[in-house]
Amino acid sequence: VKRLWDEDTRQKRRVRVVLLGSAPLLIQQGLSESLAGRFEVIHLPHWSFAEMREACKAVPPEDKSICYLSLVTDFTDILDKKEMEQICTGEVTGYERRLCLSIARDSAAECDRLTAEEDIFTCKGFYVRQKCKGLDGGELQACLRDTSIASKAPLGCRDLQDPDVRNDCFARAG
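First things first, this report covers the structure right here in the doc.

Conventions and cut-offs
- Each chain carries its own residue numbering, running from 1 in the written order of its sequence.
- Totals for whole chains, interfaces and linings use all residues, but because this is a predicted model, local features are given only for residues with pLDDT of at least 70 and pairs of side-chain atoms are given and counted only at 80 or more.
- Neither water nor hydrogens contribute to the side-chain values; these are computed over all heavy atoms in the structure.
- In this description, the term disulfide denotes a pair of cysteine sulfurs within 2.5 Å.
- Numbered from the N terminus, helices here are DSSP runs of H or I no shorter than four residues, and strands are runs of E no shorter than two.
- A 1.4 Å probe rolled over the protein chains alone gives each residue an accessible area, and that area as a share of the maximum for its type sets the label: buried under 20%, exposed over 50%, partly exposed in between.
- Put simply, buried Ala, Val, Leu, Ile, Met, Phe, Trp, Tyr and Cys residues joined by side-chain atoms within 4.5 Å make one nonpolar core.
- The criterion used for residue contact is that any of the two residues' heavy atoms lie within 4.5 Å.
- Angles shown run from 0 to 180 degrees and are taken between the N-to-C directions of axes, each axis being a line fitted to C-alpha atoms and, for helices, limited to the stretch in contact.
- For classification purposes, angles smaller than 35 degrees are called roughly parallel, those larger than 145 roughly antiparallel, those between 65 and 115 roughly perpendicular, and all remaining angles oblique.
- In this count, Pro and Cys sit with the nonpolar residues alongside Ala, Val, Leu, Ile, Met, Phe, Trp and Tyr, while Asp, Glu, Lys and Arg are called charged and the others, Gly among them, polar.

## Here's the deal with the state of the cysteines
(1) Moving on: Counting across every chain of the model gives five disulfides.
(2) Moving on: Paired by a disulfide, Cys111 and Cys123 hold their sulfur atoms 2.1 Å apart. Its S-S torsion of about -65° marks the bond between Cys111 and Cys123 as left-handed, since a negative value means left-handed. Separated by twelve residues along the polypeptide, Cys111 in the loop between α5 (94-104) and α6 (117-131) and Cys123 in helix α6 bring together distant segments of the chain.
(3) Moving on: A residue is classified by how much of its surface remains accessible, and Cys111, at 0% relative accessible area, is buried.
(4) Moving on: Each disulfide pairs two cysteine sulfurs, and for Cys157 the partner residue is Cys169, the sulfurs being separated by 2.0 Å. The sign of the -65° torsion about the S-S bond sets the Cys157-Cys169 disulfide as left-handed. One end of the pair, Cys157, is in the loop between α7 (137-151) and α8 (163-173); the other, Cys169, is in helix α8, with twelve residues separating them in the sequence.
(5) Moving on: Assessed through its relative accessible area of 0%, Cys157 is described here as buried.

## Description of the environment of Leu19
(1) Moving on: Relative to the helices and strands, Leu19 resides in the loop between α1 (2-10) and α2 (49-57).
(2) Moving on: Here Leu19 falls in the exposed class, since its relative accessible area comes to 58%.
(3) Moving on: Measuring from C-alpha to C-alpha, the distance between Leu19 and Val1 comes to 9.2 Å, with 18 residues separating the pair along the chain.

## Side note on the nonpolar core
(1) Moving on: Among the nonpolar cores identified, the biggest contains 26 residues, and Leu71, Val72 and Ile87 are the most heavily contacted of them.
(2) Moving on: Elements represented by at least two residues in this core include exactly α2, α3 (64-74), α4 (81-91), α5 and α6.
(3) Moving on: If near-sequence neighbours (up to four positions away) are discounted, Ile87 is found in contact with Phe49, Arg53, Tyr68, Leu71, Val72, Leu79 and Val92.
(4) Moving on: Grouped together as the second largest cluster of nonpolar side chains are ten residues, Val128, Cys143, Leu160 and Ala173 included.

## Let's talk about the side chain of Ser65
(1) Moving on: The residue Ser65 is located in helix α3 in this model.
(2) Moving on: Residues in contact with Ser65, not counting those within four places in the same chain, are Glu91, Val92, Thr93 and Glu96.

## Remarks on the packing of α3 against α4
(1) Moving on: Two elements in contact, α3 and α4, have axes separated by 10 Å at closest approach and are oriented at 175°. In terms of orientation, α3 lies roughly antiparallel with respect to α4. Between α3 and α4, the residues in contact are Ser65, Tyr68, Leu71 and Val72 and Met84, Ile87, Cys88 and Glu91, respectively.
(2) Moving on: Taken together, the residues that form the contact of α3 with α4 break down as six nonpolar, one polar and one charged.

So yeah, pure geometry; function would need other evidence.
Take a look at the structure:
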C-alpha cells in the first residue's frame, strides 16, 4: 500500500484510499517506513438493529429478502421467535423465507417445504451453521455433528475435523 501511495504521489495523482480491516494497526513498528501521518483511523461500529432494518427498506426489491434474512440471522440474540417470524413472513419471500423460518422456528423441517432437493439440502446446511454460530472448538464440533444428524443435514457434517466422525455424520445425516 505504501509503495503504491508513494508512486501515486510522485505521479501527482490525487487519490483517496480506504483500507478496511478489523485488525489493530501496527504503526509503532518501523515508524519511519510506515504510513504514519498519511492515514486516519475511522472507527466504524456495527450497525444497530434499527439502522439495519431501516437500511433494508431502501434496498432494491430483488435484494430485500436477503437483507431481511441477514437481519434475522445477525440479531437472533436480541429478537424473540415471534419478532423473527414476523420479519420472515412479512418481508422475506421465496427460498430465503424457508431459510429465515428455519431459524425463527428453530426447525430444519421448514426446509422440507422447498421443492428442489438441492434447495432442501442447502437450507438444512444453512440451518446447522446458524444453530452452531458463535461456538468453537469441541462445542462447535459437537454441535455440527449432533445438529446435522438430528436435522438430516449432511452438508453440516463437512466442517467436522475428525474424518471418522465426519464420515459417520454423513452416513447418519444422509
